[in-house]
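# Secondary and tertiary structure notes
The primary structure of each chain is shown beneath.
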There are 2 protein chains.
Amino acid sequence: MNQIPFQDYYPDHMAHCYGCGRLNEHGYQIKSVWDENNPEESVAYFTPKPHHIAIPGYVYGGLLASLIDCHGTGTAAAAAYREAGRPMDSEPALRFLTGSLHVDYLKPTPLGVTLEIRGRVKEVKRRKIVIEEWIVAEGVITVRGEVVAVQVPEQLVEELLENTGK
Amino acid sequence: MNQIPFQDYYPDHMAHCYGCGRLNEHGYQIKSVWDENNPEESVAYFTPKPHHIAIPGYVYGGLLASLIDCHGTGTAAAAAYREAGRPMDSEPALRFLTGSLHVDYLKPTPLGVTLEIRGRVKEVKRRKIVIEEWIVAEGVITVRGEVVAVQVPEQLVEELLENTGK
């Protein structure tokens, strides 16, 4: 795979997210790309740590929700650039935050394997993009989810950062 | 507050959850109780760490989803004992896992303050309990969520643990 992950295009002040920020050394650093074999779908891989459990041997639902969350906002950003016919490093930047998150836990997700998180654009309306997602463990879909990602004006991001003195 | 938190009643093999297990030293160890001033509501307090951010100064949505998740299943278990008129240390144990999780992010949640996570039973049907929840930061509701918690037969828990050799 030669693609640069969506999250690696995030500018520095948007790159501290615990789920997907390349500058958050304590975080999950999720990396998402378009599937080269099926460009309508995005994909990310993640291997939970031994302590990321709900019960021994099975992955914690809150982590699975985090994977759905960040893979969703990443896919939404990539989809917005694609929709606009623009490369992801072009300006002005298109930023997305999570408006809402829904996760259905279909089966227990086994620990000790690399999980595949997949996403597909379900709906694009103005500043809102809905991404449907699913998580696959050893060939079995264990989780389905949906993220409503909301495009955030750059000005709001700047205001938020100013308020915190960053 | 003199109550024992709901999660401290979980038996050892259910006490390793990354969100709420007292035996998971890397986890969040969320503790929930009934609100003494309003026994229809449960409450938990949590102070995110500096790296639990979405953007600098604001709490990561995946962590907020985790708080909703574990406070929800904890409240569901406590509600099931209450409904049955039984103390939480009585047998057989009533165990709940998350069937589905929904989170609406209403506003950015500020970092650096203790968050209050509140829950209320919305619906009880046979083995399913729906908990509605909200998160308060400095007096403002920033997140609303809902957990559908599913009662798990003790036998299934034992099978899952046997499968993983625990």
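The text that follows walks through the structure, step by step, so that each part is easy to find. Model, not experiment: these values are computed from the prediction.

Scanning all chains against the criterion turns up 0 disulfides over all chains. The thiol sulfur of A:Cys20 is not disulfide-bonded, and the nearest other cysteine sulfur, from A:Cys70, lies at 3.6 Å. As a non-bridged cysteine, B:Cys17 has B:Cys20 as the owner of its nearest cysteine sulfur, 3.8 Å distant. When its relative accessible area of 7% is taken as the criterion, B:Cys17 is described as buried.

The next thing to look at is the pattern of salt bridges. Residue and element names in this part refer to chain A. This structure, assessed with the given rule, holds 18 salt bridges over all chains. A salt bridge links Arg 118 to Glu 41; the shortest N-O distance between them is 2.9 Å. With Arg 118 in strand 6 (residues 115–125) and Glu 41 in strand 2 (residues 38–46), the pair connects residues that are 77 residues apart, well separated along the chain. There is no split in this pair, since Arg 118 and Glu 41 are both buried. The residue Lys 125 makes a salt bridge to Glu 123 at a minimum N-O spacing of 3.5 Å. The exposure class assigned to Lys 125 is partly exposed, which follows from its relative accessible area of 43%. Given the relative accessible area of 33%, Glu 123 is considered partly exposed. Three or more residues are tied together by salt bridges with common partners; here these are Asp 35, Glu 41, Glu 116, Arg 118, Arg 120 and Glu 132.

Of the transformation placing chain A onto chain B, the axial shift is 0.0 Å and the rotation is 180°, giving an RMSD of 0.0 Å. Taken together, the rotation and translation describe the operation of a two-fold axis. Within chain A, the C-alpha atom positioned nearest to the axis of rotation is that of A:His102, 2.2 Å from it. An overlap of 100% is found between the interface residues of chain A and their copies at the interface of chain B, pointing to a shared contact surface.

Across the chain, the bulk of peptide bonds are trans and the bulk of non-glycine residues have phi less than zero. In this structure, A:Pro92 follows A:Glu91 across a cis peptide bond, with omega equal to 0°. Along the chain, A:Pro92 falls in the loop between helix 1 (61–83) and strand 5 (95–105). Its identity is not glycine, yet A:Arg126 carries a phi of approximately 40°, on the positive side. Here A:Arg126 lies in the loop between strand 6 and strand 7 (128–137). One non-glycine residue, B:Gln29, lies in the positive phi region at around 50°. Relative to the helices and strands, B:Gln29 resides in the segment before strand 1 (32–35).

The next subject is the packing of helix 1 of chain A against helix 1 (residues 61–83) of chain B. Between helix 1 of chain A and helix 1 of chain B, the shortest axis-to-axis distance is 8 Å and the interhelical angle comes to 145°. Relative to helix 1 of chain B, the crossing made by helix 1 of chain A is right-handed. Facing A:Gly61, A:Gly62, A:Ala65, A:Ser66 and A:Asp69 of helix 1 of chain A, the residues of helix 1 of chain B in contact are B:Gly61, B:Gly62, B:Ala65, B:Ser66 and B:Asp69. Taken together, the residues of the contact of helix 1 of chain A with helix 1 of chain B sort by class into 2 nonpolar, 6 polar and 2 charged.

Let us now look at the pairing of strand 7 (residues 128–137) of chain B. Residues and elements named next belong to chain B. Taking burial as the measure, the 10 residues of strand 7 include 8 buried ones, the bulk of the element. Two elements, strand 6 (residues 115–125) and strand 7, share 9 bridges in a ladder whose sense is antiparallel. Paired with Ile 117 across the strands is Ile 135, a residue of strand 7. Joining the antiparallel neighbours strand 6 and strand 7 is a turn of 2 residues, in which Arg 126 adopts a positive phi near 40°.

With that settled, the discussion passes to the nonpolar core. By size, the foremost hydrophobic cluster in this structure holds 96 residues, and its most contacted members are A:Leu67, A:Leu101 and B:Leu101. Those residues in contact with A:Leu67, other than ones at most four positions away along the chain, are A:Ile30, A:Phe46, A:Gly72, A:Leu115, A:Ile117, A:Glu133 and A:Ile135.

Before going further, it helps to spend a moment on the interface of chain A and chain B. Contacts between the two partners involve 38 residues from chain A and, on the opposite side, 38 residues from chain B. The junction of chain A with chain B conceals about 3200 Å² of combined surface from both sides, 64% of it contributed by carbon and sulfur atoms. Counting across the interface, chain A meets chain B through 0 salt bridges. Applying the counting rule to chain A against chain B returns 12 residue pairs in polar contact (both at pLDDT 80 or more). The set of elements that each furnish at least two residues to the side of chain A that touches chain B consists of strand 3 (53–55), helix 1, strand 5 and helix 2 (154–163) of chain A. Sorting elements by how many residues they give to the side of chain A that touches chain B places strand 5 of chain A first, with 8 residues.

Let us look at the side chain of B:Ser32. Residue and element names in this part refer to chain B. Within the secondary structure, Ser 32 is located in strand 1. The class for Ser 32 is buried, based on a relative accessible area of 0%. At 2.7 Å, the side chain of Ser 32 and the side chain of His 71 are in polar contact. Those residues in contact with Ser 32, other than ones at most four positions away along the chain, are Pro 5, Phe 6, Gln 7, Val 43, Ala 44 and His 71.

Rules used throughout
- Residues numbered from 1 in each chain as written.
- Chains lettered and ligands numbered in written order.
- Predicted model: local features only at pLDDT ≥ 70, side-chain atom pairs only at ≥ 80, totals over all residues.
- Heavy atoms only, no water.
- Disulfide = S-S within 2.5 Å.
- Buried < 20%, exposed > 50% of the residue type's maximum accessible area, 1.4 Å probe, protein only.
- Salt bridge = Lys/Arg side-chain N within 4 Å of Asp/Glu carboxyl O.
- Helix = DSSP H or I, 4+ residues; strand = E, 2+ residues; numbered from the N terminus.
- Least-squares fit on C-alpha atoms with pLDDT ≥ 70 in both.
- Contact = heavy atoms within 4.5 Å.
- Axes fitted to C-alpha atoms, helices over the stretch in contact; angles between N-to-C directions.
- Left-handed = near helix turned anticlockwise from the far one by under 90°.
- Nonpolar A, V, L, I, M, F, W, Y, C, P; charged D, E, K, R; others polar.
- Pairing = 2+ DSSP bridges.
- Core = buried A, V, L, I, M, F, W, Y, C linked by side-chain atoms within 4.5 Å.
- Buried area = accessible area lost by both parts, 1.4 Å probe.
- Polar contact = N/O pair within 3.5 Å; in protein donor to acceptor, adjacent residues only side chain to side chain.

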